[in-house]
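Here's the letter readout for the chains.
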Amino acid sequence: MSSPLAQPDTGIRFTHRTGNHCGSSAIRDLLEFHGILLTEAFCFGLGSGLGISYLAPSEAPVRYMVHVRSLGFEERVLQTFAPSMAWSTFASSDVAMGELEQRLDAGFPALLLTDIFHLPYYGSSTHFPGHAIMAWGRSRGSGDVFVTDTERPDLLAVPRDNLALARFSSQEPFLHQGNMYSPDSLQLAGSLCEAARAAVRCNAELLLSGTLCSGIAALRHWREQLPLWASEGNWRWTARFAYQLIERRGTGGGGFRTMYADFLDELALLDDDIRRSTLPTLMRESAAAWKQLAMTFKTASESERFPLTEIKAALTAVEHAESLYAQAALQT
C-alpha cells in the first residue's frame, strides 16, 4: 500500500491528485491506495474509455445530447485488477449509507457514483448523474462524509443526507442505486502491457460495432437528426450543452481524445508495435476534430441562427477521424 496523505483537521488518510475526468481520476486514487501507481490517462485507456452515444432521454437537462465516453468504463478498468469486480447496489439510501459507513470505519475507501445536483460544493441547478467520487472517512459527530472529487485538491465534507440522495439516480442512461465499490485489496494479474493492448482493441471494436445511437454509427444518426435540434425552441442551450459535454465537463478536451492520446503515448514506451504505429498521431487528429465540433456548437449557442451546414461538416470530419483511428487500431 502507498503512503496516503492525512488532512490535519480530520486525521483522515487519503490518496488523491487532481485530474481531468471524475471516473479515471477516482479510479487512479483507489488504485494508488492499494499500491498500484498509474496515471489517470493510463487508467482511462485500460477501461477502453472512448465512446459515442447519441441520446434523447425523457428526463435530461436538454432534449438531445451526446455522450463521448464509453458506458461501463469503470468496470472494465477495475476488472483488470479484480476480474470479479461488480458494483454493490442497494434497495434504499439508508441501507446504502449504512454499508458505506461500515467500510469507511473499517479503513477502506469507496468509489461511489453520484448526481452532482445533490453535492453541495457544486451548487448545480441541473441533474448530472453518473459522477464518480471517492469517499475516505466520516465525522462521527456531524455524520458528514469526506470525499475527493476530480479537480478539487482537498477533502470535501458532504452532509450524510445529501450524499444519500446523490447516490440514487433514475435518469437514463446513468441509473445508479447507491453504486459502491470498496475492495479489500487490488492487484494486477498478468502483464500490464498485454492488458493495455487488449483494451486498445476492445475500444476500437466498441467504436466500429455500434448501433444507430452508439459508436461511429451514432455520428451519422446525429447528423441526420440536426434538423430536429434546429426546430427546438431552446436549441441554443442544447448546442451549449453539447459543447460542454465534448470540451468542458471532465473530458480533458477534445471529447476525451486528448487524454486517450496521452495513454497511447505511455503505451508506446512499453510496446514496440504501438510505438511504430500511427495510433497516437491519429488519436490527436481525432481530438482536434472533436474540439472543432465543440467550438462550432459553442459558436452556435451564441448565434442568431442554427448553423446546420457548419455542424454537419464538423460532424463529418469527426466521423472520418474516428474511422481512420479505429480501423488502424484493429490492424496494429
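Scroll up a little and you will see the structure.
Since we're looking at a predicted model, the values are computed, not measured.

### Description of the overall build of the protein chain
Stage number 1. Across its full length, the protein chain carries twelve helices and eleven strands.
Stage number 2. With the principal axes as the frame, the protein chain shows a C-alpha extent of 60 × 50 × 35 Å.
Stage number 3. The long-range fraction of contacts in the protein chain, counting pairs at least 24 apart against all pairs at least 6 apart in sequence, stands at 67%.
Stage number 4. For the protein chain, the exposed area adds up to about 14000 Å²; of that, 50% sits on carbon and sulfur atoms.
Stage number 5. For the protein chain, the separation between the mean place of its 28 positive charges and that of its 36 negative charges on side chains is 4 Å.

### Here's the deal with the packing of helix H9 (residues 257–268) against helix H11 (residues 279–301)
Each pair of packed helices gets described by two things: the angle between the helix axes and the distance between those axes.
Stage number 1. At a minimum axis separation of 8 Å, H9 and H11 run at an interaxial angle of 170 degrees. When the axis of H9 is compared with that of H11, the two are roughly antiparallel. Between H9, through Arg257, Thr258, Tyr260, Ala261, Asp262, Leu264 and Asp265, and H11, the contact on the second element is made entirely by Leu279, Pro280, Met283, Arg284, Ser286, Ala287 and Trp290.
Stage number 2. The class makeup of the residues in the contact of H9 with H11 is eight nonpolar, two polar and four charged.

### A short note on the pairing of strand E8 (residues 152–158)
Stage number 1. Sheet topology places strand E7 (residues 145–149) next to E8; four bridges connect them, and they run antiparallel. Bridge assignment links Asp149 to a residue of E8, and that residue is Arg152.
Stage number 2. Joining the antiparallel neighbours E7 and E8 is a turn of two residues, in which Thr150 adopts a positive phi near 40 degrees.

### Examining the packing of aromatic side chains
Stage number 1. Following the criterion strictly, the structure yields 16 aromatic pairs and no others.
Stage number 2. When the centroid spacing of 6.3 Å and the interplanar angle of 85 degrees are considered together, the rings of Tyr260 and Tyr325 count as edge-to-face. Here the residue Tyr260 occupies a position in helix H9, and Tyr325 occupies one in helix H12 (residues 308–331), the gap between them amounting to 65 residues.
Stage number 3. Here the aromatic cluster, defined as three or more aromatic residues joined through ring pairs, consists of Phe42, Phe44, Phe73, Phe256, Tyr260, Phe263 and Tyr325.
Stage number 4. One cation-aromatic arrangement involves Arg63 over Tyr64; the distance from NZ or CZ to the ring centre is 5.0 Å.
Stage number 5. Over the aromatic face of Tyr122 sits the side chain of Arg152, whose NZ or CZ is 4.5 Å from the ring centroid.

### Quick look at unusual backbone geometry
Trans peptide bonds make up the majority, and among non-glycine residues the majority have a negative phi.
Stage number 1. Phi at Thr150 takes a positive value of approximately 40 degrees, unusual for a residue other than glycine.
Stage number 2. Tracing the backbone shows Thr150 in the loop between E7 and E8.
Stage number 3. Look at Phe256: it is not a glycine, yet its phi comes out positive at around 75 degrees.
Stage number 4. Within the element layout of this structure, Phe256 appears in the loop between helix H8 (235–248) and H9.

### Looking at the packing of helix H7 (residues 216–231) against H8
Stage number 1. One can describe the packing of H7 onto H8 by two numbers: an axis separation of 9 Å at closest approach and a directional angle of 140 degrees. Here H8 runs oblique to H7, going by the angle between their axes. In this structure, H7 uses Trp222, Trp229 and Ala230 to contact H8, whose residues at the interface are Trp235, Thr238, Ala242 and Ile246.
Stage number 2. In terms of residue class, the contact of H7 with H8 is made up of six nonpolar, one polar and no charged.

### Observations regarding the pattern of salt bridges
Stage number 1. Enumeration according to the criterion identifies 23 salt bridges in this entry.
Stage number 2. Glu205 serves as the salt-bridge partner of Arg201, at 3.3 Å between the closest nitrogen and oxygen. Of this pair, Arg201 and Glu205 are both found in helix H6 (residues 192–208), four residues apart, which corresponds to roughly one turn of the helix.
Stage number 3. What emerges from the salt-bridge pattern is a single network uniting Glu101, Asp105, Arg138, Arg140 and Arg160.

### What about the environment of Ile27?
Stage number 1. Here Ile27 shows up in helix H1 (residues 22–33).
Stage number 2. In this structure, the C-alpha to C-alpha distance between Ile27 and Ile133, residues 106 residues apart in sequence, is 8.9 Å.
Stage number 3. The contact partners of Ile27, leaving out residues within four places of it in the chain, are Cys43, Phe73, Glu74, Val77, Leu78 and Leu111.

### Looking at the nonpolar core
Stage number 1. Leu111, Trp222 and Leu293 are the most contacted members of the largest nonpolar core, which totals 81 residues.
Stage number 2. Leaving out residues up to four positions away in the same chain, Leu111 has contacts with Ala26, Ile27, Leu30, Leu78, Trp87, Ala132, Ile133, Met134, Asn179, Met180 and Tyr181.
Stage number 3. Core analysis: the next-biggest nonpolar cluster, separate from the first, contains 25 residues, Val62, Ala110, Phe241 and Leu245 among them.

### Remarks on the side chain of Glu74
Stage number 1. For Glu74, the location among the structural elements is in helix H3 (residues 73–79).
Stage number 2. Given the relative accessible area of 5%, Glu74 is considered buried.
Stage number 3. Contacts of Glu74, omitting those with residues within four sequence positions, involve Gly23, Ile27, Arg69, Trp87 and Leu113.

Reading the values: the criteria
Chains are numbered independently. Their residues run from 1 in the order of the written sequence. Local features in this predicted model are restricted to residues whose pLDDT is 70 or higher, and side-chain atom pairs enter the listing and the counts only when it is 80 or higher, whereas totals over whole chains, interfaces and linings include all residues. Only hydrogens and water are set aside when side-chain values are computed; all heavy atoms of the structure are taken into account. In DSSP terms, a helix is any run of H or I states spanning at least four residues, a strand is any run of E spanning at least two, and both are numbered starting from the N terminus. Two residues form a contact once any of their heavy atoms are found within 4.5 Å. Only the protein chains shown count as cover for residues, and all accessible areas are computed by the Shrake-Rupley method using a 1.4 Å probe. Counting rule applied: Lys, Arg positive; Asp, Glu negative; His and chain ends not counted. For this purpose, a charge sits on NZ of Lys, CZ of Arg, CG of Asp or CD of Glu. Note on method: axes are straight lines fitted to C-alpha atoms, helices fitted across the in-contact stretch only, with angles between N-to-C directions ranging 0 to 180 degrees. Note on angle classes: values under 35 degrees are labelled roughly parallel, values over 145 roughly antiparallel, values of 65 to 115 roughly perpendicular, and the remainder oblique. Note that Gly is not counted as nonpolar here; it falls among the polar residues with everything else outside the nonpolar set of Ala, Val, Leu, Ile, Met, Phe, Trp, Tyr, Cys and Pro and the charged set of Asp, Glu, Lys and Arg. At least two bridges found by DSSP between two strands is the condition for calling them paired. Paired rings are identified among Phe, Tyr and Trp, the last through its six-membered ring, by centres lying within 6.5 Å, and are further divided according to the angle between planes into stacked (under 30 degrees), edge-to-face (over 60) and tilted (the rest). Whether a charge lies above a ring is judged from NZ of Lys or CZ of Arg, which has to be within 6 Å of the ring centre and within 35 degrees of the ring normal. The rule for a salt bridge is simple: a side-chain nitrogen of Lys or Arg has to be within 4 Å of a carboxyl oxygen of Asp or Glu. Throughout this description, the term nonpolar core refers to a set of buried Ala, Val, Leu, Ile, Met, Phe, Trp, Tyr and Cys residues connected via side-chain atoms within 4.5 Å. Burial status follows relative accessibility: with a 1.4 Å probe on protein chains alone, a residue under 20% of its type maximum counts as buried, one over 50% as exposed, and anything between as partly exposed.

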